[in-house]
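Tertiary structure, described
Spelled out from the first residue to the last, the chains are:
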Amino acid sequence: MDIKLATINDLDEIYSIFLNAIKRMNAEGNTIQWQTNDGLTMSDVSNLITSKPNECYKVLENDEIVGFFRLVKGIDETYLRIDGKWDNEDEYVTIHKIVVRYVRRGIASYILNFIIDSIKEQSINNIRIDTHSTNRSMKAFLNDKGFKYCGVISINNDFSNLHSLREAYIYTIKPYK
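To start, this report covers the structure provided alongside it.

Thresholds applied
Residues numbered from 1 in each chain as written. Predicted model: local features only at pLDDT ≥ 70, side-chain atom pairs only at ≥ 80, totals over all residues. Heavy atoms only, no water. Helix = DSSP H or I, 4+ residues; strand = E, 2+ residues; numbered from the N terminus. Expected span 1.5 Å × (residues − 1). Buried < 20%, exposed > 50% of the residue type's maximum accessible area, 1.4 Å probe, protein only. Arc of directions from axis to C-beta. Contact = heavy atoms within 4.5 Å. Axes fitted to C-alpha atoms, helices over the stretch in contact; angles between N-to-C directions. Parallel < 35°, antiparallel > 145°, perpendicular 65-115°, else oblique. Left-handed = near helix turned anticlockwise from the far one by under 90°. Nonpolar A, V, L, I, M, F, W, Y, C, P; charged D, E, K, R; others polar. Salt bridge = Lys/Arg side-chain N within 4 Å of Asp/Glu carboxyl O. Core = buried A, V, L, I, M, F, W, Y, C linked by side-chain atoms within 4.5 Å. Phe/Tyr/Trp six-rings, centres within 6.5 Å; stacked < 30°, edge-to-face > 60°. Lys NZ or Arg CZ within 6 Å of the ring centre and 35° of its normal.

With respect to helix 1 (residues 11-27)
Between its first and last C-alpha, helix 1 extends 25 Å over 17 residues, near the 24 Å set by a 1.5 Å rise per residue. All of the buried residues along helix 1 are Leu11, Ile14, Tyr15, Ile17, Phe18, Ala21, Ile22 and Met25. Buried positions in helix 1, seen along its axis, are confined to an arc of 150 degrees and lie on one side of it. Turned more than 90 degrees away from the buried face of helix 1 sit Asp12, Lys23 and Ala27, all of them exposed. Looking at the packing, one finds that the buried side of helix 1 touches helix 2 (42-51), strand 3 (64-73) and strand 5 (92-100). With its phi angle positive at about 95 degrees, glycine 29 sits one or two positions after the end of helix 1.

This is the structure we're talking about:
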(Lines give C-alpha, C1' and ligand atoms only; values in the text may rest on other atoms or scores of the structure.)
Protein backbone atom coordinates (compact mmCIF):
# COMPACT_ATOMS: atom_id res chain seq x y z
CA MET A 1 0.00 0.00 0.00
CA ASP A 2 1.00 3.59 -0.55
CA ILE A 3 -0.38 6.94 0.61
CA LYS A 4 -0.39 10.07 -1.53
CA LEU A 5 -2.16 13.40 -1.57
CA ALA A 6 -5.60 13.13 -3.13
CA THR A 7 -6.51 15.25 -6.13
CA ILE A 8 -9.78 16.25 -7.74
CA ASN A 9 -9.10 13.56 -10.37
CA ASP A 10 -9.67 10.98 -7.59
CA LEU A 11 -13.11 12.33 -6.70
CA ASP A 12 -15.30 9.63 -8.26
CA GLU A 13 -13.37 6.77 -6.66
CA ILE A 14 -13.16 8.47 -3.27
CA TYR A 15 -16.84 9.34 -3.22
CA SER A 16 -17.77 5.76 -4.11
CA ILE A 17 -15.78 4.62 -1.06
CA PHE A 18 -17.82 7.00 1.11
CA LEU A 19 -21.09 5.70 -0.37
CA ASN A 20 -20.09 2.09 0.35
CA ALA A 21 -19.08 3.05 3.89
CA ILE A 22 -22.44 4.74 4.46
CA LYS A 23 -24.17 1.49 3.43
CA ARG A 24 -22.00 -0.47 5.89
CA MET A 25 -22.73 2.03 8.67
CA ASN A 26 -26.46 1.81 7.97
CA ALA A 27 -26.28 -1.99 8.22
CA GLU A 28 -24.59 -1.59 11.63
CA GLY A 29 -27.24 0.81 12.91
CA ASN A 30 -25.33 4.06 12.33
CA THR A 31 -27.95 5.97 10.35
CA ILE A 32 -26.74 9.45 11.27
CA GLN A 33 -23.04 9.95 10.54
CA TRP A 34 -22.48 11.42 7.04
CA GLN A 35 -26.22 10.96 6.37
CA THR A 36 -28.46 13.45 8.17
CA ASN A 37 -27.72 17.10 8.98
CA ASP A 38 -24.09 16.53 8.10
CA GLY A 39 -24.93 14.50 4.98
CA LEU A 40 -21.96 13.97 2.73
CA THR A 41 -22.40 14.88 -0.93
CA MET A 42 -20.01 14.59 -3.85
CA SER A 43 -19.80 18.38 -3.78
CA ASP A 44 -18.71 18.24 -0.12
CA VAL A 45 -15.90 15.81 -0.93
CA SER A 46 -14.90 17.87 -3.97
CA ASN A 47 -14.78 21.06 -1.89
CA LEU A 48 -12.74 19.29 0.78
CA ILE A 49 -10.14 18.04 -1.70
CA THR A 50 -9.86 21.38 -3.51
CA SER A 51 -9.94 23.65 -0.43
CA LYS A 52 -7.63 21.50 1.72
CA PRO A 53 -5.27 19.96 -0.87
CA ASN A 54 -2.40 19.38 1.56
CA GLU A 55 -4.62 17.64 4.13
CA CYS A 56 -6.46 15.08 1.98
CA TYR A 57 -4.85 11.71 1.36
CA LYS A 58 -5.69 8.63 -0.67
CA VAL A 59 -4.53 5.11 0.07
CA LEU A 60 -3.49 3.07 -2.95
CA GLU A 61 -3.20 -0.67 -3.32
CA ASN A 62 -2.22 -1.97 -6.76
CA ASP A 63 -3.27 1.37 -8.31
CA GLU A 64 -6.74 1.14 -6.74
CA ILE A 65 -7.84 3.80 -4.28
CA VAL A 66 -8.78 1.81 -1.17
CA GLY A 67 -8.96 4.56 1.43
CA PHE A 68 -9.14 8.26 2.16
CA PHE A 69 -8.52 10.51 5.15
CA ARG A 70 -7.93 14.11 6.06
CA LEU A 71 -5.04 14.93 8.39
CA VAL A 72 -5.18 18.33 10.09
CA LYS A 73 -2.04 19.63 11.76
CA GLY A 74 -2.35 22.16 14.54
CA ILE A 75 -5.31 23.35 16.54
CA ASP A 76 -8.64 22.02 15.33
CA GLU A 77 -11.42 24.44 16.27
CA THR A 78 -13.88 21.55 16.65
CA TYR A 79 -11.87 20.27 19.62
CA LEU A 80 -11.58 23.52 21.58
CA ARG A 81 -14.78 22.76 23.49
CA ILE A 82 -15.25 19.29 24.93
CA ASP A 83 -17.69 17.84 27.42
CA GLY A 84 -14.95 15.89 29.15
CA LYS A 85 -11.20 16.43 29.24
CA TRP A 86 -8.32 15.80 26.88
CA ASP A 87 -5.43 13.87 28.44
CA ASN A 88 -3.11 16.75 27.62
CA GLU A 89 -3.08 19.96 25.61
CA ASP A 90 0.17 19.23 23.78
CA GLU A 91 0.49 19.62 20.02
CA TYR A 92 -1.60 17.16 18.03
CA VAL A 93 -2.89 16.18 14.62
CA THR A 94 -6.51 15.34 13.89
CA ILE A 95 -7.83 12.61 11.63
CA HIS A 96 -11.08 13.45 9.85
CA LYS A 97 -13.17 11.56 7.28
CA ILE A 98 -11.20 8.31 7.46
CA VAL A 99 -12.85 5.77 5.17
CA VAL A 100 -11.81 2.47 3.62
CA ARG A 101 -13.14 0.51 0.67
CA TYR A 102 -12.65 -2.90 2.30
CA VAL A 103 -12.97 -3.82 5.97
CA ARG A 104 -10.63 -6.14 7.84
CA ARG A 105 -7.83 -5.84 5.29
CA GLY A 106 -5.52 -3.64 7.37
CA ILE A 107 -6.16 -0.41 5.47
CA ALA A 108 -7.16 1.64 8.53
CA SER A 109 -4.19 0.23 10.47
CA TYR A 110 -1.90 1.18 7.58
CA ILE A 111 -3.28 4.74 7.69
CA LEU A 112 -2.73 4.96 11.45
CA ASN A 113 0.85 3.66 11.18
CA PHE A 114 1.55 6.15 8.38
CA ILE A 115 0.28 9.00 10.57
CA ILE A 116 2.26 7.85 13.61
CA ASP A 117 5.46 7.63 11.56
CA SER A 118 4.79 11.06 10.02
CA ILE A 119 4.18 12.88 13.27
CA LYS A 120 7.06 11.23 15.13
CA GLU A 121 9.38 12.93 12.64
CA GLN A 122 7.80 16.25 13.67
CA SER A 123 7.99 15.53 17.43
CA ILE A 124 4.20 15.50 17.70
CA ASN A 125 2.92 12.87 20.12
CA ASN A 126 -0.87 13.12 19.95
CA ILE A 127 -3.57 12.13 17.51
CA ARG A 128 -7.17 13.22 18.02
CA ILE A 129 -10.19 11.78 16.27
CA ASP A 130 -13.94 11.72 16.75
CA THR A 131 -16.77 9.49 15.65
CA HIS A 132 -20.50 9.20 16.13
CA SER A 133 -21.62 7.15 19.13
CA THR A 134 -23.36 4.66 16.81
CA ASN A 135 -20.26 4.01 14.69
CA ARG A 136 -19.46 0.69 16.37
CA SER A 137 -16.80 -0.35 13.85
CA MET A 138 -14.78 2.83 14.28
CA LYS A 139 -15.12 2.77 18.06
CA ALA A 140 -13.89 -0.84 18.14
CA PHE A 141 -10.95 0.08 15.90
CA LEU A 142 -10.01 3.04 18.10
CA ASN A 143 -10.20 0.98 21.28
CA ASP A 144 -8.20 -1.84 19.69
CA LYS A 145 -5.46 0.59 18.63
CA GLY A 146 -5.13 2.19 22.07
CA PHE A 147 -7.07 5.42 21.64
CA LYS A 148 -8.54 6.77 24.86
CA TYR A 149 -12.08 8.15 25.09
CA CYS A 150 -11.96 11.75 26.37
CA GLY A 151 -15.52 13.05 26.09
CA VAL A 152 -18.00 14.53 23.64
CA ILE A 153 -17.45 17.30 21.10
CA SER A 154 -19.88 18.96 18.70
CA ILE A 155 -18.96 19.26 15.04
CA ASN A 156 -20.77 22.60 14.84
CA ASN A 157 -20.38 23.73 18.48
CA ASP A 158 -24.08 23.10 19.13
CA PHE A 159 -24.26 20.68 22.04
CA SER A 160 -28.08 20.75 21.95
CA ASN A 161 -28.12 19.13 18.49
CA LEU A 162 -27.71 15.37 19.03
CA HIS A 163 -26.83 14.84 15.37
CA SER A 164 -23.72 17.00 15.73
CA LEU A 165 -22.33 15.24 18.81
CA ARG A 166 -19.26 13.02 18.44
CA GLU A 167 -17.25 10.90 20.84
CA ALA A 168 -13.71 12.26 21.03
CA TYR A 169 -10.58 10.14 21.41
CA ILE A 170 -6.86 10.73 21.81
CA TYR A 171 -3.86 8.56 21.09
CA THR A 172 -0.56 9.51 22.71
CA ILE A 173 2.57 8.06 21.15
CA LYS A 174 4.87 8.67 24.11
CA PRO A 175 3.54 8.23 27.62
CA TYR A 176 3.83 11.35 29.72
CA LYS A 177 5.67 11.13 33.03
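As for the packing of helix 1 against helix 2
Interaxial distance between helix 1 and helix 2 falls to 10 Å at its minimum, and their mutual angle equals 125 degrees. By the criterion of interaxial angle, the relationship of helix 1 to helix 2 is oblique. Crossing handedness for the pair helix 1 and helix 2: right-handed. The segment helix 1 lies against helix 2, with Leu11, Asp12, Ile14, Tyr15 and Phe18 engaging Met42, Val45, Ser46 and Ile49. Counted by class, the contact of helix 1 with helix 2 contains seven nonpolar, one polar and one charged residues.

Looking at the pattern of salt bridges
Within this structure, the stated rule accounts for eight salt bridges. The partner of lysine 58 in a salt bridge is aspartate 10, with the nearest N and O atoms 3.0 Å apart. Residue lysine 58 is located in strand 2 (residues 56-61), and its partner aspartate 10 is located in the loop between strand 1 (2-5) and helix 1; the two are separated by 48 residues in the primary sequence. Looking at aspartate 10, the relative accessible area reads 9%, which means it is buried. Residue glutamate 61 pairs with arginine 105 through a salt bridge whose shortest N-O separation is 2.5 Å. On the criterion of sequence distance, the pair formed by glutamate 61 in strand 2 and arginine 105 in the loop between strand 5 and helix 3 (107-120) is long-range, its members being 44 residues apart. What makes glutamate 61 partly exposed here is its relative accessible area of 21%. One salt-bridge network, in which partners are shared between bridges, spans Glu13, Glu64 and Arg101.

Concerning unusual backbone geometry
Even without being a glycine, asparagine 62 presents a positive backbone phi close to 50 degrees. Take asparagine 62: it is sitting in the loop between strand 2 and strand 3. Of note, the phi angle at lysine 97 is positive, near 55 degrees, even though the residue is not glycine. Inspection of the secondary structure assignment puts lysine 97 in strand 5.

Here's the deal with the nonpolar core
Phe69, Ile95, Ile111, Ile115, Ile127 and Phe147 are the most contacted members of the largest nonpolar core, which totals 27 residues. Breaking this core down by element, the ones donating at least two residues are strand 2, strand 3, strand 5, helix 3, strand 6 (126-131), helix 4 (136-144) and strand 8 (165-172). The leading source of residues in this core is helix 3, at seven residues. Leave out the neighbours within four places in its chain, and isoleucine 127 touches Val93, Ile95, Leu112, Ile115, Ile116, Ile119, Phe147, Tyr169, Ile170 and Tyr171.

A look at the packing of aromatic side chains
Applying the stated criterion to the full structure yields seven aromatic pairs. Look at tyrosine 57 and phenylalanine 69: their rings are 5.1 Å apart centre to centre, the planes differ by 10 degrees, and that puts the pair in the stacked class. In this pair, tyrosine 57 sits in strand 2 while phenylalanine 69 sits in strand 3, placing the two residues twelve residues apart along the sequence. Within the aromatic cluster, the residues linked to one another by ring pairs are Tyr57, Phe69 and Phe114. Over the ring of tyrosine 102 we find arginine 105; its NZ or CZ atom is 4.2 Å from the centre of that ring.

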